[in-house]
2 protein chains.
Amino acid sequence: MTQWFEEDARVVSEVHRQNALARQNQLTKPAGSLGVLEHCAVQLAALQQRDQPTAEKISVRIFAADHGVASEGVSLFPQAVTAEMVRNFSAGGAAITVLARELSADFQVINVGTVGVLENLAAVVDKRIGAGTANLRVAPAMSPDECARALAVGRDAVNALTPTDIFIGGEMGIANTTSASALACALLNLPPQDLVGRGTGVDDAGVALKATVIGDALQLHRAHLNAPLQVLQYLGGFEIAALAGAYIRCAQRGIPVLVDGFICTAAALVAAQLNESVRAWLLFSHASAERGHRLLIEHLDVRPLLNLDMRLGEGSGAAVAVPLLRMACALHNQMASFESAGVSRE
Amino acid sequence: MTQWFEEDARVVSEVHRQNALARQNQLTKPAGSLGVLEHCAVQLAALQQRDQPTAEKISVRIFAADHGVASEGVSLFPQAVTAEMVRNFSAGGAAITVLARELSADFQVINVGTVGVLENLAAVVDKRIGAGTANLRVAPAMSPDECARALAVGRDAVNALTPTDIFIGGEMGIANTTSASALACALLNLPPQDLVGRGTGVDDAGVALKATVIGDALQLHRAHLNAPLQVLQYLGGFEIAALAGAYIRCAQRGIPVLVDGFICTAAALVAAQLNESVRAWLLFSHASAERGHRLLIEHLDVRPLLNLDMRLGEGSGAAVAVPLLRMACALHNQMASFESAGVSRE
């Protein structure tokens, strides 16, 4: 039986791509001189099936959850910070909330599994699957049912969106670089030493500990890491699964995705391995300073728009890249042609 | 006698820099995790002498002029395009005019020397010094008086600005990558082969021709290329001199400059060599696809914000980078602190 996440993404419009390419070559500039901005406009035209691509309506969904592996001491911050940051998102003081305001974005936080139940908070929806995942060093992070439910939380969040030009997923979860690194090691068949980075800022000993924890997990679960869905279940997190589900559903609904940094790219890798047709719908916003991100980017063979040494998560890098898409669309839609402006050609 | 362009730039506020650094370390994020955006906010706070740096009011000034060296066939486009593009700027169809509108920027074009006199055009000011420069392969591009007047056009344009958070200079001038490359070769003591690129898109033979033309010019004028002012006079252009004058005046008035790509960086190099104190006021927006830009950037020891393979000029790369500065300021000014948000620290 085909599962929902295996259903094909919407077909990309080659007609709109060709029309957009032709238009770019008529605009009053040397051919190709807007570089990556030209590619962005053309790709958005093809994805959105519009002659005038647009990046005005942005939907930001932050998935927050705790990780059992935090008990191994892999993060610089205490686990309480996940819930505290959900409150900070709600109050508007976090980086992503500032950026979402600047973009006039539709913003919501989805609690997929903080350790404790949270009070009612503005812009926060409770979809808790459990009190954090299990510690992946000693047990599967999720049961098969929990993993399926987490994927579905992401799907349902996208199903509930009003019309949207660009979707941004973000995450909050203390210790989630450890989970994402473990996931990436399993999916790319790489040793932890190649992938593990400093996360929120651990020192060399902290990096070594993360590598040991991940190495133990890969060894313990090795018989169950042969398919992306199992890798997600054994090594992932509720928020990472929700992100993967959201990305897949965006592709199925025809909503371009702007992928954030390391954690989100790991979720994008899961999504692309679960459903290859999702790939075309993923735009990559920035190269994170988190060490393993470079390897994910190389594997996916993509070139992120920005390289600003950001490593905050929350979807912040994707939000910062939105104005580039808006500029690309404005140029594509508003520039004069050589003919209309009476400018001589080469 | 000290010339106007040798007068010191405004002193940068170390107090504001230290306060801004301290604030960044209190915001609800892992220390340093906003990467380059943190540096931008801190630098703007120091330059603007504000606790809340801002990049809202943008002034864009495009300097347009023709180059005698165009007669050597170094550009893909006919010389008429300089004037045609001035009309396109005025009518709002060019890339920089689209971007300036998106930014709600104060926009003006200053004609420093198109070959022919132009009719009255909205948003275009006539400050023509001559009918283009002389062909630098066979004569000094400018007389000493013309060069001084072109520098003063830039200075006066900045003197006339209403209060401005960020200044962007742009340029239009068929064949000006040849002039800028010649200038850079002389200032950095590099052979033309290392610096010359494709400009608006010439082929290998075109690149070779540009290198020959520049080599001839460097040879012809070699006795006069010992100081930056002479290099500018013999090898520069009216718009390049005006840009250098504008950058210097911005630094003296305390207005941060966002430098565009290859031509503008060559002008910034002239400005910095004429007056070392200008350096601190120059922010670099993007790494151009024009080959020589990398060498200029390395020499200036700066890291541009963007790398999007743009090579259009007009100030377009700088305009595209403005939202990054706005995001950096919004994050700096609006994020909550660990204390105010009740978030635990590492």
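Residues numbered from 1 in each chain as written. Chains lettered and ligands numbered in written order. Predicted model: local features only at pLDDT ≥ 70, side-chain atom pairs only at ≥ 80, totals over all residues. Heavy atoms only, no water.

### Topic: the packing of aromatic side chains
Residues and elements named next belong to chain A.
So, point 1. Tallied over the full model, the rule gives four aromatic pairs over all chains.
So, point 2. Measuring from ring centre to ring centre gives 5.7 Å for W4 and F5, while their planes differ by 85 degrees; the resulting arrangement is edge-to-face.
So, point 3. Relative accessible area serves as the criterion here: at 17%, W4 is assigned to the buried category.
So, point 4. Using a relative accessible area of 5% as the deciding quantity, one classes F5 as buried.
So, point 5. The ring of W4 has R155 sitting right over it, with the charged end atom 5.1 Å from the ring centre. (Phe/Tyr/Trp six-rings, centres within 6.5 Å; stacked < 30°, edge-to-face > 60°. Buried < 20%, exposed > 50% of the residue type's maximum accessible area, 1.4 Å probe, protein only. Lys NZ or Arg CZ within 6 Å of the ring centre and 35° of its normal.)

### Thoughts on the interface of chain B and chain A
So, point 1. Counting residues at the interface gives 52 residues for chain B and 52 residues for chain A.
So, point 2. Contact between chain B and chain A buries roughly 4400 Å² in total, counting both sides, with carbon and sulfur atoms accounting for 65%.
So, point 3. Of all residues in chain B, F77(B), L308(B) and M327(B) bury the most surface against chain A, accounting for 13% of the area lost on that side.
So, point 4. Across the chain B-chain A interface, the total number found is two salt bridges.
So, point 5. Across the pair R303(A) and D309(B) runs a salt bridge whose closest N-O atoms are separated by 2.8 Å.
So, point 6. Contributions of two or more residues to the side of chain B that touches chain A are made by α2 (36-48), α3 (80-91), α4 (95-102), α13 (316-334) and α14 (338-341) of chain B.
So, point 7. By residue number, the principal contributor to the side of chain B that touches chain A is α13(B), which donates eight residues.
So, point 8. By residue class, the composition of the side of chain B that touches chain A is 32 nonpolar, eleven polar and nine charged. (Contact = heavy atoms within 4.5 Å. Buried area = accessible area lost by both parts, 1.4 Å probe. Salt bridge = Lys/Arg side-chain N within 4 Å of Asp/Glu carboxyl O. Helix = DSSP H or I, 4+ residues; strand = E, 2+ residues; numbered from the N terminus. Nonpolar A, V, L, I, M, F, W, Y, C, P; charged D, E, K, R; others polar.)

### Points about helix α11 (residues 262-274) of chain A
All names here are of chain A.
So, point 1. In this model α11 runs 18 Å from its N-terminal to its C-terminal C-alpha over 13 residues, within 8% of the 18 Å that 1.5 Å per residue would give.
So, point 2. Buried residues dominate α11, accounting for twelve of its 13 residues.
So, point 3. Considered for burial, the residues of α11 that qualify are F262, I263, C264, T265, A266, A267, A268, L269, V270, A271, A272 and L274. (Expected span 1.5 Å × (residues − 1).)

### Side note on the sheet that holds strand β1 (residues 58-65) of chain A
Residue and element names in this part refer to chain A.
So, point 1. The strand order across the open sheet built from six strands is β3-β2-β1-β4-β5-β6, with neighbouring strands paired in parallel fashion. Unpaired on one side and paired on the other, β3 (124-126) and β6 (282-284) mark the two borders of the sheet. Strand-to-strand twist of the sheet, defined as the mean angle between neighbouring strand axes without regard to direction, takes the value 30 degrees.
So, point 2. Pairing geometry for strand β5 (residues 257-259) and β6, over three bridges, is parallel. Residue pairing across strands places V259 opposite F284, the latter belonging to β6.
So, point 3. Seen against the sheet, α11 touches β4 (166-172), β5 and β6 and runs at an angle of roughly 115 degrees to β4. (Pairing = 2+ DSSP bridges. Axes fitted to C-alpha atoms, helices over the stretch in contact; angles between N-to-C directions.)

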